Amino acid sequence: MAKKESQLSSKVAVDMTPMIDVVFQLLTFFMLTLKTVITEGDFEIRMPLGPSQGAVEDNPIPPVRVKITAGPDGDRTGIAMNGNPVADFDDLRRKIMDLVGTGPGSNADKTEVELDCDYQLKYVNVVNAISAVSGVVQPDGTVVEMIKKIKLTPPKKAGR
Amino acid sequence: MAKRKGGGAENTEVDMTPMIDMTFQLITFFMLTLNFSQAEQDERIQLPVSQLAKPAEGVTVDPITLQLMRDGMVIYAGEPVPVRDMGGYLENEKRVMISAGKEPNAATVIIRADGRSKTGEVQDLIKVCQEKGFDKFVFRAEHRP
């Protein structure tokens, strides 16, 4: 009886069940594929092949040599900039700022920093050092860029 | 007959419209937040944090991602490989670059090293890459403003 009625009358009740099933499937799929991506950033490292190519570029300012020493467990024991001891990375940043200056007319573009690290030094210190020389975050959140040319010395120990 | 089941009240049909509306909203949200970027991330790596790490502008051309774990193993294509064995894999990468008509140094080697790994191992890895002709490197760090 009911069947006949629906065939005749213009009111056709649409069965929602399959659609809702599919919609929930989609919802579940997209929810599960949701990845919270951590924003990541890069530091460019200049590692020219061989010393001959590096010498082609004539650079009037000698590179700033930052040496980071480490204890046997890989923790940082000291920082030195051009042979002078530096207290910590904030101090290093201040000293680099004093050296190259900021704003127009600074030597930041021309200066190169060479990082000389002990083999067992924890890598996080390298990133902190690069961070310290590459810029300053102002209190209002803007970043003042400093040195962009950063390189590492060749590995000391042939730890192959 | 079926209607009788409702226990007397005949119109107890639930209005599906708000639920479907909401569900579609949710689907749209999750679809739009779906990340298609093939950024290689691995939970075995604990990246160092830096405020100054510049988020990559656009897409890195010809990236080669090398992830250095704390124990000195490199995750390459999902498999842990010792640094000294990376030469062979990088040789393949070099061949891919050459067969695509590009110089190996056009590729960018993205180094995602664990903050606790040894600097010397990072340098060793760079050296292996340099031996194969790659010379553009970036160190990746977690950007936390």
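Okay, so let's go over this structure. (Residues numbered from 1 in each chain as written. Chains lettered and ligands numbered in written order. Predicted model: local features only at pLDDT ≥ 70, side-chain atom pairs only at ≥ 80, totals over all residues. Heavy atoms only, no water.)

1. Let's talk about the overall build of chain B
Turning to step 1, where the next piece is worked out: When you go through chain B residue by residue, the secondary structure sums to 3 helices and 7 strands.
Turning to step 2, where the next piece is worked out: Reading the helices (α) and strands (β) of chain B from amino to carboxyl end gives α-β-β-β-β-β-α-β-α-β.
Turning to step 3, where the next piece is worked out: The buried share of chain B, taken over its 145 residues, is 42%.
Turning to step 4, where the next piece is worked out: By element, 53% of the accessible surface of chain B is carried by carbon and sulfur atoms, the whole surface being about 8600 Å². (Helix = DSSP H or I, 4+ residues; strand = E, 2+ residues; numbered from the N terminus. Buried < 20%, exposed > 50% of the residue type's maximum accessible area, 1.4 Å probe, protein only. Areas by Shrake-Rupley, 256 points an atom, 1.4 Å probe, with all protein chains shown as cover.)

2. Concerning the interface of chain B and chain A
Turning to step 1, where the next piece is worked out: Every contact between the two is made by 53 residues of chain B and, on the other side, 50 residues of chain A.
Turning to step 2, where the next piece is worked out: Interface area for chain B against chain A, summed over the two sides, is near 4700 Å², with a carbon-plus-sulfur share of 65%.
Turning to step 3, where the next piece is worked out: On the chain B side of the contact with chain A, B:Leu52, B:Gln123 and B:Phe139 bury the most area, a combined 17% of that side's loss.
Turning to step 4, where the next piece is worked out: Connecting chain B to chain A are 1 salt bridge.
Turning to step 5, where the next piece is worked out: As a salt-bridge pair, A:Asp42 and B:Arg140 come within 2.6 Å of each other at their nearest N and O atoms.
Turning to step 6, where the next piece is worked out: For the pair chain B and chain A, the interface holds 13 residue pairs in polar contact (both at pLDDT 80 or more).
Turning to step 7, where the next piece is worked out: Where the side of chain B that touches chain A is concerned, the elements lending two or more residues are helix H1 (17-32), strand S1 (49-50), strand S2 (54-55), strand S6 (108-113), helix H3 (119-131) and strand S7 (136-143) of chain B.
Turning to step 8, where the next piece is worked out: At 11 residues, the largest contribution of residues to the side of chain B that touches chain A is made by H3(B). (Contact = heavy atoms within 4.5 Å. Buried area = accessible area lost by both parts, 1.4 Å probe. Salt bridge = Lys/Arg side-chain N within 4 Å of Asp/Glu carboxyl O. Polar contact = N/O pair within 3.5 Å; in protein donor to acceptor, adjacent residues only side chain to side chain.)

3. Structural notes on the pattern of salt bridges
Turning to step 1, where the next piece is worked out: Applying the stated rule across the entire model yields 12 salt bridges over all chains.
Turning to step 2, where the next piece is worked out: A salt bridge links A:Arg93 to A:Asp90, with the shortest nitrogen-to-oxygen separation between them at 3.8 Å. In this pair, A:Arg93 and A:Asp90 are both assigned in helix H4 (residues 89-100), 3 residues apart and thus about one turn of the helix distant.
Turning to step 3, where the next piece is worked out: On the basis of relative accessible area, A:Arg93 is assigned to the buried category, the value being 19%.
Turning to step 4, where the next piece is worked out: Residue A:Asp90 is classed as partly exposed on the basis of its relative accessible area, which comes to 44%.
Turning to step 5, where the next piece is worked out: With a shortest N-O distance of 3.1 Å, B:Lys102 and B:Asp62 are connected by a salt bridge. You can see B:Lys102 sitting in the loop between helix H2 (86-99) and S6 and its partner B:Asp62 sitting in the loop between S2 and strand S3 (63-68), a full 40 residues away along the chain.

4. So, the pairing of strand S2 (residues 64-70) of chain A
All names here are of chain A.
Turning to step 1, where the next piece is worked out: Alternating positions in S2 separate cleanly, Val64, Val66, Ile68 and Ala70 being buried on one face and Arg65, Lys67 and Thr69 remaining unburied on the opposite face.
Turning to step 2, where the next piece is worked out: Note that S2 and strand S5 (residues 112-117) share 5 bridges and pair parallel. Of the residues in S5, the one forming a bridge with Val64 is Val113.
Turning to step 3, where the next piece is worked out: The pairing of S2 with strand S3 (residues 76-81) spans 5 bridges and is antiparallel. By the bridge assignment, Ala70 is partnered in S3 with Arg76.
Turning to step 4, where the next piece is worked out: Counting the residues between successive antiparallel strands, the hairpin from S2 to S3 contains 5 residues, one of them, Gly74, with a positive phi of roughly 95°. (Pairing = 2+ DSSP bridges.)

5. Quick word on a nonpolar patch on the surface
Turning to step 1, where the next piece is worked out: On the surface, a nonpolar cluster with roughly 570 Å² of combined accessible area is contributed by A:Val14, A:Met16, A:Met19, A:Phe24, B:Met16, B:Met19 and B:Phe24.
Turning to step 2, where the next piece is worked out: Breaking the nonpolar patch down by element, the ones donating at least two residues are helix H2 (17-32) of chain A together with H1 of chain B.
Turning to step 3, where the next piece is worked out: Note on placement: B:Met16 falls in the segment before H1.
Turning to step 4, where the next piece is worked out: Overall, B:Met16 belongs to the partly exposed group, its relative accessible area being 31%. (Patch = residues over 30% accessible without salt bridge, like charges linked within 9 Å, V, L, I, M, F, W, Y side chains within 5 Å.)

6. Some points on the environment of B:Lys102
All names here are of chain B.
Turning to step 1, where the next piece is worked out: Exposure remark for Lys102: the relative accessible area of 35% places this residue in the partly exposed category.
Turning to step 2, where the next piece is worked out: Setting aside residues no more than four positions away along its own chain, Lys102 makes contact with Asp62 and Met97.
Turning to step 3, where the next piece is worked out: Within polar-contact distance, the side chain of Lys102 engages the side chain of Asp62 at 3.1 Å.

7. Things to note about the packing of H2(B) against H3(B)
Residue and element names in this part refer to chain B.
Turning to step 1, where the next piece is worked out: Between H2 and H3, the shortest axis-to-axis distance is 9 Å and the interhelical angle comes to 40°. One element, H2, and the other, H3, form an angle in the oblique class. As for how H2 packs across H3, the hand of that crossing is right-handed. Of H3, the residues touching H2 (which contributes Met86, Gly87 and Leu90) are Leu125, Val128 and Cys129.
Turning to step 2, where the next piece is worked out: For the contact of H2 with H3, the residue count by class is 5 nonpolar, 1 polar and no charged. (Axes fitted to C-alpha atoms, helices over the stretch in contact; angles between N-to-C directions. Parallel < 35°, antiparallel > 145°, perpendicular 65-115°, else oblique. Left-handed = near helix turned anticlockwise from the far one by under 90°. Nonpolar A, V, L, I, M, F, W, Y, C, P; charged D, E, K, R; others polar.)

8. Describing the sheet that holds S5(A)
All names here are of chain A.
Turning to step 1, where the next piece is worked out: On the basis of which strands lie adjacent, the open sheet formed by 5 strands has the order S4-S3-S2-S5-S8 and mixed pairing. Two strands bound the open sheet, and with one partner strand each, they are strand S4 (84-86) and strand S8 (149-152). Recorded for the sheet is a direction-independent mean angle of 25° between the axes of neighbouring strands.
Turning to step 2, where the next piece is worked out: Strand contacts of H4: S2, S3, S4 and S5, with the helix running at about 5° to S3, the strand carrying the most contacts.

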